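What follows is each chain in one-letter form.
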Amino acid sequence: MTQKVAIIGGGIVGATVAYYLSQLPGHEQQEVTLYDDGTGQATKAAAGIISPWLSKRRNKQWYELAKRGAELLPQLAREANFDNEVYQQTGTIITRTDEADLDALYLLAEKRRTETAQMGEVLKLSAEEVAQRIPLLTNAQPGVFVSGGARLDGSKYIDALLKIATNRNLTIKQQRVTLNSDGNVMMGSKLERFDRVVVATGAWMKETLKPLDIDVDVRPQKGQLIELSVKNIESHQVMPVLMPEGERDFIPFGNGQLVVGATHEDDATFNLEATGEAKDDLFRSAKQMIADLTIDKVTGMRVGTRGYTSDFAPFFGPIPFFNKVMVAGGLGSSGLTTGPIIGKLLAGSVIFGGQPDWSKFEKDINLYISKK
Ligand SMILES: Cc1cc2nc3c(=O)[nH]c(=O)nc-3n(C[C@H](O)[C@H](O)[C@H](O)COP(=O)(O)OP(=O)(O)OC[C@H]3O[C@@H](n4cnc5c(N)ncnc54)[C@H](O)[C@@H]3O)c2cc1C
């Protein structure tokens with residue numbers, strides 16, 4: 001029998017759920033509709049750094065999830081035939097100015113590499129070696145290079161996956177929708193009934209779940225990035241992503257494009273205005289790396305709203321007291337890394353049902369979701 005599935009939200013989570021619902025065994029029985037209005041989407045604004053292994057975060061479940069997410073992406077890239085503009089393993093460099101900190105980071109990288117093939121090669125680099133890999137830098141610091149680090153273009157990822165899914169069982173409706181108290185979808189005053197509903201509305205989840213009398217621990221956080229035009233170094237078309245200590249991340253694209261970001265603004269709610277303050281702050285950080293940079297090299301800004309929880313950890317799965325509806329939210333600043341694996345797990349659960357045990361990857365979902 002055909003199962004009618006709605007996905008509300010077409011960011012990285014919603015798009016991945018839609019993709020796997022069109023590919024996993026059992027997809028023939030799924031009829032899927034994705035609703036998305038695209039406003040403020042975090043996925044399209046994101047910097048796209050995939051390099052969770054040396055994070056300072058202590059949350060074990062988050063690390064397991066992010067590690068699995070980083071492993072899934074190259075598989076998915078092969079399966080879905082992504083080109084280098086969607087996903088590319090460029091390597092990442094994480095810098096430290098203090099020698100002892102650099103040694104500690106390198107030891108951590110070596111330890112984690114033995115457990116995680118995806119990290120690839122790990123090297124301790126001097127400042128000169130960092131500058132050789134990213135010749136744009138005039139002020140390089142020593143760092144640790146991880147060859148498995150990658151860059152993902154959120155916007156192109158979504159387009160690629162939704163195109164594949166639309167060729168099978170997906171219909172896309174570019175519209176803002178609400179839930180009714182039964183967990184069905186309202187397009188204005190028009191009711192659309194479903195067997196399962198996946199809510200992947202990112203920072204907007206609180207509002208989406210209100211009609212079910214459910215409160216959720218998700219808040220919006222504004223993120224801004226600047227795009228710059230820099231020297232095109234033909235011999236270095238693929239440069240690693242740089243995560244400099246105490247500065248903003250630095251993502252060189254090799255063809256003269258550079259992205260620097262991002263801000264983490266907790267008080268801006270859903271405001272999507274690109275601000276001069278953020279531009280100046282991000283430009284100052286870029287200039288720390290490239291001394292002769294001038295402000296006219298800033299060609300654009302990107303703004304998005306992340307959803308995050310009180311402990312910065314994501315949550316996902318069927319709502320325990322409202323099983324028809326599944327949620328995935330609170331992906332925070334690492335959702336391009338965790339979103340694909342969360343989407344795959346959710347799609348499996350939509351098809352195969354049951355109450356999966358994902359305690360390895362997340363804390364109890366009841367910590368984030370409660371009845372009002
Ligand atoms: C500036 C910035 C930089 C970032 N950099 C990185 C990075 O380098 N690496 C990394 O791993 N992560 C990064 N992130 C985090 C990552 O982008 C997010 O965690 C992730 O994209 C969240 O995905 P999502 O699918 O949960 O939500 P979103 O991408 O926000 O998608 C939610 C969608 O739901 C839609 N929606 C909401 N309500 C409704 C409704 N009622 N009806 C229809 N549609 C609705 C929204 O319009 C939106 O399109 C960054 C985020 C930002 C903002």
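Residues numbered from 1 in each chain as written. Predicted model: local features only at pLDDT ≥ 70, side-chain atom pairs only at ≥ 80, totals over all residues. Heavy atoms only, no water.

If you check an unreviewed UniProt entry, the protein chain appears there as Glycine/D-amino acid oxidase from Secundilactobacillus oryzae JCM 18671. Quoted straight from UniProt, the Sequence similarities (unreviewed entry) entry for the protein chain says "Belongs to the DadA oxidoreductase family." Under the UniProt heading Cofactor (unreviewed entry), the entry covering the protein chain gives this text: "FAD". (UniProt positions renumbered as here; feature names shortened; annotations may be inferred.)

The next subject is the side chain of T43. Note that T43 resides in helix α2 (residues 42–45). Given a relative accessible area of 7%, T43 falls into the buried group. Within the structure, the side chain of T43 is placed 2.9 Å from the backbone nitrogen of I12, a separation counted as a polar contact. The residues contacting T43, other than those within four sequence positions of it, are G11, I12, G154, S155, I158 and L336. (Helix = DSSP H or I, 4+ residues; strand = E, 2+ residues; numbered from the N terminus. Buried < 20%, exposed > 50% of the residue type's maximum accessible area, 1.4 Å probe, protein only. Polar contact = N/O pair within 3.5 Å; in protein donor to acceptor, adjacent residues only side chain to side chain. Contact = heavy atoms within 4.5 Å.)

What follows concerns a negative patch on the surface. Side chains of D98, E99, D101 and E245 sit close together on the surface and give a patch of like negative charge. Looking at the element boundaries, E99 is found in helix α4 (residues 99–115). (Patch = residues over 30% accessible without salt bridge, like charges linked within 9 Å, V, L, I, M, F, W, Y side chains within 5 Å. Areas by Shrake-Rupley, 256 points an atom, 1.4 Å probe, with all protein chains shown as cover. Salt bridge = Lys/Arg side-chain N within 4 Å of Asp/Glu carboxyl O. Lys, Arg positive; Asp, Glu negative; His and termini not counted. Charge placed at Lys NZ, Arg CZ, Asp CG, Glu CD.)

Further remarks concern the site of the ligand. The full set close to the ligand counts 37 residues, and D36, D37, T43, V177 and G332 are the nearest of them. Contact between the ligand and A42: an oxygen atom at 3.0 Å from a main-chain N or O atom of the residue. For the ligand, an oxygen atom lies 2.5 Å from a polar atom in the side chain of T43. Here the ligand, which alone exposes 1000 Å², has 97% of that area covered by the protein. Elements with a contribution of two residues or more to the shell around the ligand: α1 (12–21), α2, β15 (219–229), β19 (298–308) and α9 (335–352). Residue contributions to the shell around the ligand peak at three residues, all from α9. For the shell around the ligand, a count of residues per class yields 15 nonpolar, 18 polar and four charged. Two domains each provide a minimum of three residues to the shell around the ligand, namely domain 1 (3–44 + 154–218 + 311–371) and domain 2 (92–148 + 220–308). (Near = heavy atom within 4 Å. Nonpolar A, V, L, I, M, F, W, Y, C, P; charged D, E, K, R; others polar. Domains from an automatic or database assignment.)

Turning next to α1. Counted residue by residue, α1 has ten buried out of ten residues, so it is predominantly covered. Looking only at α1, the buried set comprises I12, V13, G14, A15, T16, V17, A18, Y19, Y20 and L21.

Let's shift gears to the domain arrangement of the protein chain. The domain architecture assigned to the protein chain consists of domain 1 (3–44 + 154–218 + 311–371) and domain 2 (92–148 + 220–308). Taken over C-alpha atoms, the centre of domain 1 sits 30 Å from the centre of domain 2. Counting residues at the interface gives 15 residues for domain 1 and ten residues for domain 2. Across the interface of domain 1 and domain 2, roughly 950 Å² is buried in total on both sides, 67% from carbon and sulfur atoms. Taken together, the links from domain 1 to domain 2 amount to zero salt bridges. Joining domain 1 to domain 2, the criterion identifies two residue pairs in polar contact (both at pLDDT 80 or more). Looking at the side of domain 1 that touches domain 2, its residues break down into six nonpolar, seven polar and two charged. (Buried area = accessible area lost by both parts, 1.4 Å probe.)

So, about the layout of surface pockets. The space that makes up the second largest pocket amounts to roughly 500 Å³. The wall of the second largest pocket is formed by 26 residues, among which E85, D153, K156, F253 and Q257 lie closest to the centre. Class assignment of the residues belonging to the lining of the second largest pocket gives a composition of nine nonpolar, ten polar and seven charged. (1 Å grid on protein atoms, 1.4 Å probe; cavity = no way out; pocket = protein on both sides within 12 Å on 5 of 7 lines; lining within 4 Å. Points joined across faces, edges and corners; volume = space filled by probe spheres on them.)

Attention now moves to the sheet that holds strand β21 (residues 322–329). The sheet built from six strands is open, its strands ordered β9-β2-β1-β13-β21-β20 with mixed pairing. With one partner strand each, in any of the chains shown, β9 (170–173) and β20 (315–319) form the two edges of the open sheet. On average, adjacent strands in this sheet sit at an angle of 15 degrees to one another, irrespective of strand direction. Of the strand pairs in this sheet, strand β13 (residues 196–199) and β21 are connected by three bridges, and their pairing is parallel. Residue pairing across strands places V197 opposite V325, the latter belonging to β21. (Pairing = 2+ DSSP bridges. Axes fitted to C-alpha atoms, helices over the stretch in contact; angles between N-to-C directions.)

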